[in-house]
Amino acid sequence: MKMDQNRSSDQCFRVFILKDDKSATYGMPITSPTRGMFIRELQEELSRGNAIFARHPQDFSIFEVGQYDPRTGELTMYESKTCLGLVQDLRSSLDETKN
């Protein structure tokens, strides 16, 4: 079942994936209540520097792909995934706020 990505539910989590552009592979799905919370969590991981996307941020793209409803266990994919940008862009904005 496909879902319009503009429609949302308060009980649903958004589903995101990171694509390793260098290896042309997608990572495991990550859920978060909102896009803003996901971006904040990703920035925290970038600050820690342990994850591969933190060490090579220029190689990773961020996508929102669907919603997950924990009440029903249903994972609903959007008609098309939405690119939210590059991890490098988040790294750059994080570096700017530190200065």
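Computed from a predicted model, the values in this text were never measured in an experiment. (Residues numbered from 1 in each chain as written. Predicted model: local features only at pLDDT ≥ 70, side-chain atom pairs only at ≥ 80, totals over all residues. Heavy atoms only, no water.)

Counting its secondary structure elements, the protein chain contains three helices and six strands. Helices and strands appear in the protein chain in the N-to-C order β-β-β-β-α-α-β-β-α. When each of the 99 residues of the protein chain is scored for burial, the buried share is 32%. With an accessible surface of roughly 6,300 Å², the protein chain has 50% of that area assigned to carbon and sulfur atoms. (Helix = DSSP H or I, 4+ residues; strand = E, 2+ residues; numbered from the N terminus. Buried < 20%, exposed > 50% of the residue type's maximum accessible area, 1.4 Å probe, protein only. Areas by Shrake-Rupley, 256 points an atom, 1.4 Å probe, with all protein chains shown as cover.)

The next point concerns the packing of aromatic side chains. Taken as a whole, this structure holds three aromatic pairs when the rule is applied. Between the aromatic rings of Phe 16 and Phe 38, the centroid separation amounts to 4.0 Å while the plane-to-plane angle is 0°, which identifies the pairing as stacked. Here Phe 38 lies in helix H1 (residues 35–48) and Phe 16 lies in strand S2 (residues 13–20), a separation of 22 residues in the sequence. Directly above the ring of Phe 63 sits Lys 81, whose terminal nitrogen or CZ lies 5.9 Å from the centroid. (Phe/Tyr/Trp six-rings, centres within 6.5 Å; stacked < 30°, edge-to-face > 60°. Lys NZ or Arg CZ within 6 Å of the ring centre and 35° of its normal.)

Take the confidence of the model for the protein chain next. For the protein chain, mean pLDDT is 88; residues scoring 70 or higher make up 84% of the total. Within the model, pLDDT remains below 50 along residues 1–7, and this stretch shows 17 contacts once partners closer than five positions in the same chain are excluded. (pLDDT = per-residue confidence, 0-100. Contact = heavy atoms within 4.5 Å.)

What follows is about the nonpolar core. Ranked by size, the top nonpolar core spans 12 residues in total: Phe 16, Leu 18, Phe 38, Leu 42, Leu 46, Ala 51, Phe 53, Ala 54, Phe 60, Ile 62, Val 87 and Leu 90. Of all elements in the fold, only S2, H1, helix H2 (52–55), strand S5 (60–69) and helix H3 (87–98) reach the threshold of two or more residues within this core. With three residues, the single largest contributor to this core is H1. Dropping the residues within four chain positions of it, Val 87 is found in contact with Leu 18, Leu 46, Phe 53, Pro 57, Phe 60 and Ile 62. (Core = buried A, V, L, I, M, F, W, Y, C linked by side-chain atoms within 4.5 Å.)

A word on the environment of Lys 81. Here Lys 81 is to be found in strand S6 (residues 74–86). Taking the C-alpha atoms as reference points, Lys 81 and Val 65, 16 residues apart in sequence, are found 4.5 Å from one another.

Of note in the backbone geometry, Ala 24 takes a positive phi value of approximately 55° without being a glycine. Mapping Ala 24 onto the fold places it in the loop between S2 and strand S3 (25–26).

Once that is clear, we can look at the pairing of S2. Where S2 and S5 come together, eight bridges link them in antiparallel fashion. Looking at S5, one finds that Phe 13 is bridged to Tyr 68. Examined bridge by bridge, S2 and strand S4 (residues 30–32) share three bridges and lie antiparallel to one another. Its bridge partner being in S4, Arg 14 is matched across the sheet by Ser 32. In textbook terms, the turn of a hairpin is the stretch between consecutive antiparallel strands, and for S2 and S3 this stretch comprises four residues, one of which, Ala 24, has a positive phi near 55°. (Pairing = 2+ DSSP bridges.)

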